[in-house]
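Tertiary structure, described
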Amino acid sequence: MMAWLQKLFGSSIGKKLWMALTGLLLLGFLVVHLAENLLLFSDRDGAAFDGYVHTLTSFAWIPLAELVLAGLFLAHIVQAIRVSLQNRAARSTPYALNPGHGGRTLASKSMLVTGSIVLLFLILHLAQFRFGDAAARERMAALVRGEFEKPLVLAAYLLGLMALAIHLSHGIQSALQTLGLSHPRYTPLLQKLSVLIAVLLALGFASMPVYFFASGASR
Amino acid sequence: MSAPTHAKGLRITLRVWRQSGPSASGAFETHALESVSPDMSFLEMLDVLNESLVGTGKSPISFDHDCREGICGACSLVIDGHAHGPDAETTTCQLHMRHYRDGATITVEPFRANAFPVVRDLVVDRSAFDRIIAAGGFISVNTGSAPEANSLPVGKPLADEAMDNAACIGCGACVAACPNASAMLFVAAKISHLKLLPQGAPERESRALAMVEAMDKEGFGNCTNHYECGAACPKGIPVSSIARMNREFLRASLKSSPPRGAAPEGA
Ligand code: FES
């Protein structure tokens, strides 16, 4: 079994599969994460959000879920770096001219860059809300609002989310192709849907820092 | 669209990659060509240049070619950064100088991938493809008289799809164009072509596993779905073939059983 798994995920197609599967699972996390965060908008004093955070963190399995999630991020990132290095090593002499043939896109070319920006953003995000002051984390909604009133935080979030949108606009459709989903009838639609999902997700996340920054500024 | 032609032909400045051997370090060499006929093919233009080089005692530029009619896959070259030049679905041998304007500067490089080492100048060693084919790009049949054609009906849509993939001439433009120097479009075309036809279907699983393994051994990069390969392919092989190869490989991996006679794992 182990030898078989090693052979499968060690192959060139297996490496793509690995990126696709971990990427799609992380996308699933983002969707859930957005849904729960939108609770911030459900009332003025943040009671609904605080109640939710309290219930969630009181579950005994949450540390395990956090570990799995961290492992997922690590699995995606480490593999991305390994594959990028291998791909770079596959052509040691670069072309003098390289205008492209019309296949690659800004998003497909910049996966490593956008991924790195998302990682930096993630570190900031965790430092703010996961590993920050324990007392402040008791009242999460207030903490979130307070953080989002800082202009630098707003700028960092917008940059991070823009990178996320670009990353996902290639990532989602790329994962579908890797999983073998390709057909002249539905592939063009899936490609547009990938971009749409990426943009909607980023806009959804951006709505929170933007709203709380704006409402903080107008107070 | 008629390109403005010079009365005595085109004046072309050619920047060509010269490299005396596999381990030598290469460099660009510039040649000024006067009166290039717009009716010449790109390779004929190189022939004319080579004749004048030989005439002046210099060594001619080495480049690959064979059929010169776009069907063998021997010609190569990256012209101004485009594998097989700027024309879509056209091999270098079918590219004509009327495509260029008078006074144009053209940069010619070999296909670049570590799995395709430069032999000399513009010639690269593409035998990695031969080894991938030898690993499974065939069907096993007994020789003898040809079977009766109508005993094995193949539907037209299927035949068309197989033919689209069989159009691959194995030139390696996909590798040359891929930012990762990946050979997936080539292997996908072969796996697709053979898998789609009833004669090739029985070996689809062993073929998918063996060809992918052989490809990985050659040091090509990994596909990251840029789709430069499909855009560069002179035969218009679609990147959906790569998705089919992914399915075939996954299917074969899931179905593959441990080698017979081997001790069960964990025993
Ligand atoms: S020389 Fe045969 S395809 Fe160009």
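Our structure's up above, just so we're on the same page.
Residues numbered from 1 in each chain as written. Chains lettered and ligands numbered in written order. Predicted model: local features only at pLDDT ≥ 70, side-chain atom pairs only at ≥ 80, totals over all residues. Heavy atoms only, no water.

1. Observations regarding the pattern of salt bridges
Pairing between side chains becomes possible if they bear opposite charge and their charged atoms approach one another. All chains considered together, the criterion is met by 19 salt bridges over all chains. With a shortest N-O distance of 2.9 Å, Asp160 of chain B and Lys156 of chain B are connected by a salt bridge. Taken as a pair, Asp160 of chain B and Lys156 of chain B lie in helix H3 (residues 156–166) at a separation of four residues, close to a single helical turn. Of the residues examined, Asp160 of chain B reaches a relative accessible area of 34% and is grouped as partly exposed. Shared partners join several salt bridges into a network, and the residues in it are Lys7 of chain A together with Glu213 and Lys217 of chain B. (Salt bridge = Lys/Arg side-chain N within 4 Å of Asp/Glu carboxyl O. Helix = DSSP H or I, 4+ residues; strand = E, 2+ residues; numbered from the N terminus. Buried < 20%, exposed > 50% of the residue type's maximum accessible area, 1.4 Å probe, protein only.)

2. Topic: the interface of chain A and chain B
Contact with chain A, which involves 41 residues of that partner, is made by 50 residues of chain B. Across the interface of chain A and chain B, roughly 3,600 Å² is buried in total on both sides, 50% from carbon and sulfur atoms. At the junction of chain A with chain B, the criterion picks out one salt bridge. Here chain A and chain B share 33 residue pairs in polar contact (both at pLDDT 80 or more) between them. At the level of elements, helix H1 (2–10), helix H2 (12–37), helix H4 (62–89), helix H5 (106–109) and helix H9 (151–178) of chain A are the ones that each hand at least two residues to the side of chain A that touches chain B. It is H2 of chain A that contributes the most residues to the side of chain A that touches chain B, six residues altogether. Looking at side-chain class alone, the side of chain A that touches chain B contains 16 nonpolar, 19 polar and six charged residues. (Contact = heavy atoms within 4.5 Å. Buried area = accessible area lost by both parts, 1.4 Å probe. Polar contact = N/O pair within 3.5 Å; in protein donor to acceptor, adjacent residues only side chain to side chain. Nonpolar A, V, L, I, M, F, W, Y, C, P; charged D, E, K, R; others polar.)

3. Some points on the packing of H2 of chain A against helix H8 (residues 240–255) of chain B
Between two packed helices, what matters for the description is the angle formed by their axes and the separation of those axes. Two elements in contact, H2 of chain A and H8 of chain B, have axes separated by 10 Å at closest approach and are oriented at 95°. Put simply, H2 of chain A runs roughly perpendicular to H8 of chain B. Facing H2 of chain A, whose interface residues are Ile13, Gly14, Lys16 and Leu17 of chain A, H8 of chain B presents Ile242, Met245, Asn246, Phe249 and Leu250 of chain B. Across the contact of H2 of chain A with H8 of chain B, the residue classes break down as six nonpolar, two polar and one charged. (Axes fitted to C-alpha atoms, helices over the stretch in contact; angles between N-to-C directions. Parallel < 35°, antiparallel > 145°, perpendicular 65-115°, else oblique.)

4. Notes on the nonpolar core
The biggest cluster of nonpolar side chains holds 50 residues, and the ones touching the most others in it are Phe129, Ile132, Val175, Phe220 and Met245 of chain B. Every element with two or more residues in this core is listed here: H2 of chain A together with helix H2 (127–136), helix H4 (173–177), helix H5 (184–196), helix H6 (204–217), helix H7 (228–232) and H8 of chain B. The dominant element in this core, judged by the number of residues it contributes, is H5 of chain B, at seven residues. Formed jointly, this core draws a minimum of three residues from each of two domains, domain 1 (10–119) and domain 2 (127–256) of chain B. Residues contacting Met245 of chain B, with those up to four places away along its chain left out, are Ile13 of chain A together with Met184, Val187, Ala188, Ile191 and Val212 of chain B. Judged by nonpolar contacts, the second largest core, of 29 residues, contains Leu34, Ala141, Leu143 and Ala198 of chain A. (Core = buried A, V, L, I, M, F, W, Y, C linked by side-chain atoms within 4.5 Å. Domains from an automatic or database assignment.)

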